[in-house]
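Descriptive analysis of the structure
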Amino acid sequence: DYPRPSVAVDVAVLTVSPVGDLCVLLVRRSGKHRHNTWQLPGTFLHKRETLADAARRALLTKAEVDGLDPVQLCVLDDPGRDDRGWVLSVAHLDVVPWTRLANAGTPDVRVSPVTQVSRLAFDHDHILALAVERLRAEYRYVPDPRGLLDEPFTLLELQRLHEAVFGRDLPKDSFRRRMEPTLHDTGRTQAGVVGKPARLFLRSSGPRPLPQ
């Protein structure tokens, strides 16, 4: 009497590469349906399984990535979003340092710059856009809430991180005026550099988790 949809989870894992690109973890589909297309890691919810457990299982089984803790981003409920049938997706997000994904390069798993990603399976382009928007909102007024930089760091390193997140150059002076009051000055400077050494900073507080 009450038809029910299937429930899936899809996970956007974002990172910043050493060359300064905002990147996303992708997996290649196998099997007959949409064979060889790329998508975010995802899976169907199993009986008596939590959404968080399903998200972690998707990362482990589809991308061989363990130890992450993605949180819910949004629910996608367009009845036509999946051509296999009526499927709701609970999209998840995690943001991690590059080193957590450095070994993810295989023929079926890759970490790609978001500017080079398009035509993912289902509505995963939309999920990715929402994930990037959420990340940028976090970084708009906070130095490094996801702990992507190793401490201590220079203001230039922090600015390059923000430019990777926002995908554009940022004015140096206004960026420093906005960020410096939110940092803890270590009183030390960068060693082993040519020219005037840059000051080293810490986050005033530790990395903050994404809000539930």
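Residues numbered from 1 in each chain as written. Predicted model: local features only at pLDDT ≥ 70, side-chain atom pairs only at ≥ 80, totals over all residues. Heavy atoms only, no water.

Some words on the packing of aromatic side chains
Cut-off, in case you're wondering: Two aromatic rings from Phe, Tyr or Trp, using only the six-membered ring of Trp, form a pair when their centres are within 6.5 Å; if the ring planes differ by under 30 degrees the pair is stacked, by over 60 it is edge-to-face, and anything between is tilted. Geometrically, a charge over a ring is one whose NZ (Lys) or CZ (Arg) sits within 6 Å of the ring centre while staying within 35 degrees of the ring normal.
This structure, assessed with the given rule, holds zero aromatic pairs. Over the face of the ring belonging to W38 we find R110, whose NZ or CZ atom lies 4.0 Å from the ring centre.

Here's the deal with the pattern of salt bridges
Quick reminder of the rule: We count a salt bridge whenever a side-chain nitrogen from Lys or Arg sits within 4 Å of a carboxyl oxygen from Asp or Glu. Helix and strand definitions follow DSSP, with helices as H or I runs of at least four residues and strands as E runs of at least two, each counted in order from the N terminus. For the exposure calls, accessible area comes from a 1.4 Å probe over protein chains only, and a residue counts as buried if that area is under 20% of its type's maximum, exposed if over 50%, partly exposed in between.
Overall, the coordinates contain 12 salt bridges when judged by the stated rule. For the salt bridge of R146 with D94, the shortest nitrogen-to-oxygen distance reads 3.9 Å. Taken as a pair, R146 in the loop between α2 (124-139) and α3 (155-166) and D94 in strand β6 (residues 87-95) lie far apart in primary sequence, 52 residues in all. Judged on exposure class, the residue R146 and its partner D94 are both buried. One salt bridge in this structure joins E151 and R203, with 3.4 Å as the shortest N-O distance. Within this pair, whereas E151 is found in the loop between α2 and α3, its partner R203 is found in strand β9 (residues 199-203), the two being separated by 52 residues in sequence. Using a relative accessible area of 13% as the deciding quantity, one classes R203 as buried. In the salt-bridge network here, residues are joined through shared partners; they are D10, R81 and D123.

Here's the deal with the side chain of Q39
Selection rule: Polar contacts, as used here, are pairs of N or O atoms within 3.5 Å; protein pairs need one atom able to donate a hydrogen and one able to accept it. Residues neighboring in sequence count only if both atoms are side-chain atoms. It only takes one pair of heavy atoms within 4.5 Å for two residues to be counted as in contact.
Its location among the elements puts Q39 in strand β3 (residues 38-39). Judged by its relative accessible area of 6%, Q39 falls in the buried class. At 2.6 Å, the side chain of Q39 and the side chain of R29 are in polar contact. Those residues in contact with Q39 that lie beyond four places of it in its chain are L26, V27, R29, L120, A121, F122 and H124.

Some points on helix α1 (residues 51-63)
Stated precisely, the cut-off is as follows: By this rule, a helix spans an expected 1.5 Å times one less than how many residues it contains.
Along its 13 residues, α1 runs 17 Å from first to last C-alpha, staying within 8% of the 18 Å computed at 1.5 Å per residue. Tucked into the core, α1 has its buried residues touching β1 (6-16), β2 (22-28), β4 (42-44), β6 and β7 (109-113). Positioned one or two residues after α1, E64 has a phi angle of 55°, which is positive.

Brief notes about the packing of α3 against helix α4 (residues 172-179)
Stated formally: Inter-axis angles, ranging from 0 to 180 degrees, are taken between N-to-C directions of lines fitted to C-alpha atoms, where helices are fitted over the stretch in contact. Each angle gets one of four labels, with under 35 degrees taken as roughly parallel, over 145 as roughly antiparallel, 65 to 115 as roughly perpendicular, and the rest as oblique. When residue character is reported, Ala, Val, Leu, Ile, Met, Phe, Trp, Tyr, Cys and Pro are called nonpolar, Asp, Glu, Lys and Arg charged, and the others, Gly included, polar.
Contact geometry of α3 with α4 gives a least axis separation of 11 Å together with a crossing angle of 105°. Taken as axis vectors, α3 and α4 run roughly perpendicular relative to one another. Listed contacts from α4 to L155, L156, L158, Q159 and H162 of α3 are K172, F175, R176 and M179. Across the contact of α3 with α4, the residue classes tally to five nonpolar, two polar and two charged.

Any functional reading would require information beyond the geometric quantities listed.
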